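Observations on the model geometry
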Amino acid sequence: MSTTTPAVVLSGITKRFPGVVANSDVHLSVQVGEVHALCGENGAGKSTLMKILYGMQQPDEGTIEVAGKQVRFRTPADAIKAGIGMVHQHFMLADNLTVQENVVLGAESLHGIGGKARKRILELAKATGLTVDPGVLVERLGVADRQRVEILKVLYRGAKVIILDEPTAVLVPQEVDELFATLRGMREQGFTFLFISHKLDEVRAIADSVTVIRRGTTVGTADPKAVSSRQLAEMMVGSELPSPETRESTVTDRVVLRVENLGLVAAEGTRPVLDDIDLVVRAGEIVGIAGVEGNGQTELVETVMGIRKAHHGRVLLGDKDVTRLGTLARREAGIGYIPEDRHRQGLLLEQPLWANRILGHQTRGPVSKGQWLDLAGAKKDTRRIVDEFDVRTPGIDVAAVALSGGNQQKLVVGRELSGDPVLLIASHPTRGVDVGAQALIWDEIKNARARGLAVLLISADLDELIGLSDTIRVMLRGRLVADADPATVTPEDLGSAMTGAGATSAAVAEHAPGAAKASESEGE
Amino acid sequence: MGILRGKLLPPVLAILFSALLCGIALVVSGANPLRAFGVMLSQVGEGTTAVDIINSTGTYYIAALAVAIGFQMNLFNIGVEGQYRVAAVVAAVVGGSIALPPGLHALVIILTAAVAGALWAAVPAILKVTRGVNEVISTIMMNGLALGLAAYLIGSDVFGELRGNNIRTPEIPESGWVPGISFGSSGTVFGLVFLAALLGVGYWVMMNRTRFGFELRASGESATAAAAGGVNAKKMVLIAMLLSGAIAGLVSMPEILGRDHTYNLNFPAGIGFSGIAIALLGRNHPGGIAFAAVLWAFLDKSGLALDNVQVPREIVTIMQGAIVLSVVVAYEVVRRFELAAQQRQVGRQLGTVDAA
Ligand SMILES: Nc1ncnc2c1ncn2[C@@H]1O[C@H](COP(=O)(O)OP(=O)(O)OP(=O)(O)O)[C@@H](O)[C@H]1O
Ligand SMILES: [Mg+2]
């Protein structure tokens, strides 16, 4: 409709990997100052296309034009020079460096590494909503803040076209709203965004146009205001939108997980990260934990898994006190664990899929016998997971890194549901998977629940949380502050309870405020 | 075939490249590089050189395996040097002071060496696990201590005795010796060279077929994923370090039980450091390490002949250093090249259809 030169034009892009054609004759045109969404199934080739635009991978065929000029990016540095920046689906931050070091790393020539750089970071931080001090170590940040650091990194390098690969997968609705507000503000200033998401409502909320990719090729571009989520989903997969609704309750009165008075302190003299948590999950029950990222969910899960040591309190699995046991013993006792960050905690990226099947199960069949690995058993069971969970892969001998993000997630979920666990700890079990796979994972969890599995579910996706859970507990600043009834609560009610805005609905029952510590205060 | 190329091409390129470097160095210093290399090659057929190379390969191989076990989980055991020295003294002292039937005697000495090496490695391991002390620093310091301890233990007022102008531990009685395979005037291959081969097979089995090997590799690749998978990082550090130390303890066994029968002042030094380079060159793979160990031993032993043609023998050290450096570069170059080639090939096979 406009006669101005598009910000980016990709034409005829083809990219092959061993055994797979990730992109085949893709055409994409992005206008200046728009938010252009990219949708498609897991493994459709979205990330690959964006990595090509960002110079991380070279196309086998096809051309890239930026602002009307044909370009060839050999490295991301070339793309950055042309004003293109990318925030990856899987963050690429160095844990052991500070925020400032991460941002400045590789861009020292811009503002040095000292006070000037810090000043610039603080200026830009406002735009991204990052409130932590640039001197903080990245390993201390939650997922949402890590993402803000990634965006900051891109802005710091002067990008005008910014690629966001599934930025909202890790955010709760309020944070999504904040992010969208940021994007809109920046769009006014002439920034252009390429935005990948599986959440079609979000796409319709923020995008000015949307391109659908299926099996490596562009199906078409649409006006998101004019199509429904259902139509979009059908363009992507030809199937309908799933809903996480659980039908009849399967909750029993047999307690599987009991957490008593659990406390965790990160550093002396600071507010506890976990403050007297009491929690019960019964066989056949899904207990959902609602909360804004960084309010102690990660720590709760890791303490229940034995990755962190509790300062006080007990964790019981059935009648067995597992508080003193290590992670392996807890897994052997029947706990499955879907970690929130599949790259950091879920997978050995360089190892083949079947070796990843062994991780966490190394002491049990069918992948090992005593001290020996059972390679045949591991391979056979990996094939089963690939079939059952529809993991799109050329084979089970490829390295995990070669799978698309959503397919990696399916593999992890399949592994953790293997071996009949009694308790599943699921942190964002459908993070980054497409609508079809989401339905599949939900079904698998529901089926296991019907067989008596107890599930502790953490999710930023409130529809998922409400739809799957039998009970919802709200977590705020390390404490469980309220209960919500999934049958009646709305995402909006839950959202405000999560931010501590107080109960706005009868479906949310706040705990007695007298229990709150008088000393409680903001920040440090 | 592609895999073979990816694995073999880099070291070959690296060796050619470093040979080129040394050639240039030789030309600059006024020598004829072709002649020098020729002399080195023909030296293999001279005297005991061939057998010396085999014996030395065995020793290097054990040292490199010890290093490689740590490398698998990004644990840098720089202390192989000290571990094998302490183990050698202790084993020689114990072996020289007990009387046991043949066979059993040697076995006890070998086990003593392994235990001594493991105990010496236990110090940095415990420091790392309990106090978080970096193992690079602690093992280097333990190397210094090992020198001192060994010198003290062989003092004539402790366990040692003076023979001529050499100080040594009491000789191990014949029941503790391990016979070799004699090639007459060409020398004798140490019997325990086969121990090295056995260790190599054991190492492969451990890394590829056992739970421990899997956990070791997982810890090396991603500490966070290993932890979430129930691998106890501290336990792994401890076991890997002890195992590495135990194998390091065996490094000098072929020589002591096969030829010297004592620990003396002429004890070879620096094998632990060569082991680091060899493990790097062999990419922690038992086959790769074997190849690298042979190369190292060849350069060492044949290099001795360079003196005969008035070429400084130090050129060999330069070459060894150059190989390690260039192998790192070569792996990266070949990896990229491979990937591109593979993709072109797949592309041809698949045409441009279907992504599933
Ligand atoms: N480095 C690689 N080596 C081999 N194959 C790869 C590699 N990267 C991606 N692929 C393959 O290319 C295809 C497209 O992957 P891509 O990551 O672009 O998907 P995606 O659309 O981003 O999916 P998701 O929604 O799951 O993130 C997949 O089949 C994947 O397995
Ligand atoms: Mg992706």
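None of the values given here were measured: they were computed from a predicted structure. (Residues numbered from 1 in each chain as written. Chains lettered and ligands numbered in written order. Predicted model: local features only at pLDDT ≥ 70, side-chain atom pairs only at ≥ 80, totals over all residues. Heavy atoms only, no water.)

Points about the overall build of chain B
Helices and strands together make up the secondary structure of chain B, namely 14 helices and four strands. Scaling as 2.2 N^0.38, a compact globule of 356 residues should have a C-alpha radius of gyration of about 21 Å, and chain B matches this with 22 Å. Dimensions along the principal axes, computed over C-alpha positions, put chain B at roughly 80 × 60 × 35 Å. Counting every position in chain B, which comprises 356 residues, the buried fraction comes to 52%. (Helix = DSSP H or I, 4+ residues; strand = E, 2+ residues; numbered from the N terminus. Rg over C-alpha atoms; globule rule 2.2 N^0.38 Å. Buried < 20%, exposed > 50% of the residue type's maximum accessible area, 1.4 Å probe, protein only.)

So, a nonpolar patch on the surface
Residue and element names in this part refer to chain B. Taken together, the side chains of F17, L20, L21, I24 and V28 define a hydrophobic patch exposed on the protein surface, amounting to about 510 Å² of accessible area. Looking at the element boundaries, L21 is found in helix α1 (residues 2-28). A residue is classified by how much of its surface remains accessible, and L21, at 39% relative accessible area, is partly exposed. (Patch = residues over 30% accessible without salt bridge, like charges linked within 9 Å, V, L, I, M, F, W, Y side chains within 5 Å. Areas by Shrake-Rupley, 256 points an atom, 1.4 Å probe, with all protein chains shown as cover. Salt bridge = Lys/Arg side-chain N within 4 Å of Asp/Glu carboxyl O.)

Remarks on the environment of H111 of chain A
Residues and elements named next belong to chain A. With respect to the helices and strands, H111 occurs in helix α4 (residues 108-111). When its relative accessible area of 24% is taken as the criterion, H111 is described as partly exposed. Spatially, the C-alpha atoms of H111 and A426 are 42 Å apart, while their sequence positions differ by 315 residues. Non-local contacts of H111, meaning those with residues more than four positions away in its chain, are made with K116, A117, R120 and Y156. (Contact = heavy atoms within 4.5 Å.)

A look at helix α5 (residues 115-128) of chain A
Residue and element names in this part refer to chain A. Across its 14 residues, α5 extends 20 Å between first and last C-alpha, which sits within 8% of the 20 Å expected from 1.5 Å per residue. Every buried residue belonging to α5 is among A117, I121, L124, A125 and T128, and all of these are buried. Positive phi shows up at G129, right after α5, with a value of about 80°. (Expected span 1.5 Å × (residues − 1).)

Looking at the domain arrangement of chain A
Residues and elements named next belong to chain A. Assigned domains of chain A: these are domain 1 (8-237) and domain 2 (255-343 + 400-510). Taken together, the contact pairs 21 residues of domain 1 with 25 residues of domain 2. Buried area between domain 1 and domain 2, summed over both chains or domains, comes out near 1700 Å², and the portion from carbon and sulfur atoms is 58%. Looking only at domain 1, the three residues that lose the most surface to domain 2 are N42, H90 and V172, adding up to 33% of its buried area. Summed over the shared surface of domain 1 and domain 2, the number is zero salt bridges. Here domain 1 and domain 2 share four residue pairs in polar contact (both at pLDDT 80 or more) between them. Looking at the side of domain 1 that touches domain 2, the elements that each hand over two or more residues are α6 (143-156), α7 (173-188) and α9 (229-237). With three residues, the top contributor of residues to the side of domain 1 that touches domain 2 is α7. (Domains from an automatic or database assignment. Buried area = accessible area lost by both parts, 1.4 Å probe. Polar contact = N/O pair within 3.5 Å; in protein donor to acceptor, adjacent residues only side chain to side chain.)

Quick look at the interface of chain B and chain A
The partner chain A presents 36 residues to the 30 residues of chain B that form the contact. Taken together, both faces of the contact between chain B and chain A bury some 2800 Å²; the carbon and sulfur share is 60%. Considering every element that reaches the side of chain B that touches chain A, the biggest residue donor is helix α8 (residues 211-221) of chain B, with six residues.

As for the environment of I247 of chain B
Residues and elements named next belong to chain B. For I247, the position within the fold is in helix α10 (residues 233-249). Through-space distance from the C-alpha of I247 to that of P312 is 34 Å; in sequence the pair is 65 residues apart. Not counting the four nearest positions on each side in its chain, I247 is found in contact with I62, L65, A66, I69 and L199.

Digging into the sheet that holds strand β2 (residues 20-30) of chain A
Residues and elements named next belong to chain A. Ordered by their spatial adjacency, four strands build an open sheet running β2-β1-β4-β5, and the pairing between neighbours is antiparallel. The sheet is open, and its two edges are formed by β2 and β5 (69-71), each paired on a single side. Direction aside, neighbouring strands of the sheet carry axes that sit 30° apart on average. Sheet topology places strand β1 (residues 8-17) next to strand β4 (residues 61-66); five bridges connect them, and they run antiparallel. (Pairing = 2+ DSSP bridges. Axes fitted to C-alpha atoms, helices over the stretch in contact; angles between N-to-C directions.)

Here's the deal with the site of ligand 1
Residues and elements named next belong to chain A. With respect to spatial proximity, 19 residues lie near ligand 1, and among them G43, S47, T48, A402 and G406 are the closest. Between ligand 1 and N42, the relevant distance is 2.8 Å, taken from an oxygen atom to a side-chain nitrogen or oxygen of the residue. Contact between ligand 1 and H198: an oxygen atom at 2.9 Å from a side-chain N or O atom of the residue. Relative to its free-state accessible area of 650 Å², ligand 1 is covered by the protein chains to the extent of 89%. Every element with two or more residues in the shell around ligand 1 is listed here: β2, α1 (46-53) and α15 (405-416). The greatest single-element share of the shell around ligand 1, amounting to three residues, is contributed by α1. Taken together, the residues of the shell around ligand 1 break down into six nonpolar, ten polar and three charged. Here the shell around ligand 1 spans two domains, since at least three of its residues come from each of domain 1 (8-237) and domain 2 (255-343 + 400-510). (Near = heavy atom within 4 Å. Nonpolar A, V, L, I, M, F, W, Y, C, P; charged D, E, K, R; others polar.)

Section: the packing of aromatic side chains
Counting across every chain of the model gives four aromatic pairs over all chains. Their ring planes at 40° and their centres at 4.6 Å tell us that Y263 of chain B and F267 of chain B sit as a pair that is tilted. The class for F267 of chain B is buried, based on a relative accessible area of 9%. Seen from the ring of F191 of chain A, K160 of chain A lies directly overhead, with NZ or CZ sitting 4.4 Å from the centre. (Phe/Tyr/Trp six-rings, centres within 6.5 Å; stacked < 30°, edge-to-face > 60°. Lys NZ or Arg CZ within 6 Å of the ring centre and 35° of its normal.)

Considering the pattern of salt bridges
Under the defined criterion, the tally for this structure stands at 27 salt bridges over all chains. Linking E416 of chain A and R331 of chain A is a salt bridge whose minimum nitrogen-to-oxygen distance equals 3.1 Å. Placement of the pair is E416 of chain A in helix α15 and R331 of chain A in helix α11 (residues 327-332), with a sequence separation of 85 residues. The two residues E416 of chain A and R331 of chain A agree in class, both being buried. For R259 of chain B, the salt bridge is made with E255 of chain B, and the minimal N-O distance between the two is 3.4 Å. Taken together, the residues span about one helical turn, with R259 of chain B and E255 of chain B both in helix α11 (residues 253-260) at a distance of four residues.

A closer look at the packing of helix α5 (residues 104-131) of chain B against helix α6 (residues 135-153) of chain B
All names here are of chain B. Viewed as axis vectors pointing N to C, α5 and α6 meet at an angle of 150°, and their least axial separation amounts to 10 Å. With respect to each other, α5 and α6 are oriented roughly antiparallel. Viewed along their axes, α5 and α6 form a crossing whose handedness is right-handed. Where α5 abuts α6, its residues W120, V123, P124, L127 and K128 lie against E135, S138, T139, M142, L145, A146 and L149. When grouped by side-chain class, the residues that make up the contact of α5 with α6 number eight nonpolar, two polar and two charged. (Parallel < 35°, antiparallel > 145°, perpendicular 65-115°, else oblique. Left-handed = near helix turned anticlockwise from the far one by under 90°.)

Some thoughts on the confidence of the model for chain A
Predicted coordinates in areas of low pLDDT are best not read in detail. Mean pLDDT for chain A: 85, with 93% of residues reaching 70 or above. Taken together, the stretch residues 513-524 of chain A has pLDDT below 50 and engages in nine contacts with residues farther than four places along the chain or on a different chain. (pLDDT = per-residue confidence, 0-100.)

With respect to α11 of chain B
Among all positions of α11 of chain B, only M253, P254, E255, I256 and L257 of chain B are buried. Where α11 of chain B is buried, its residues meet α3 (49-72), α4 (80-97), α5 and α10 of chain B.

Focus: the packing of α4 of chain B against α5 of chain B
All names here are of chain B. At a closest axis distance of 8 Å, the pairing of α4 and α5 adopts a crossing angle of 145°. Handedness of the α4/α5 crossing: right-handed. On α5, the residues touching G82, Q83, V86, A87, V90, A91, V94 and G95 of α4 are H105, I109, T112, A113, A116, G117, W120 and A121. Across the contact of α4 with α5, the residue classes break down as ten nonpolar, six polar and no charged.

A closer look at the pairing of strand β11 (residues 255-264) of chain A
Residue and element names in this part refer to chain A. The pairing of β11 with strand β12 (residues 274-282) spans six bridges and is antiparallel. Opposite R258, over in β12, you have V280 as the bridge partner. The sheet contact formed by β11 and strand β14 (residues 312-317) spans five bridges and is antiparallel. The residue bridging G263 from the neighbouring strand is H312, located in β14.

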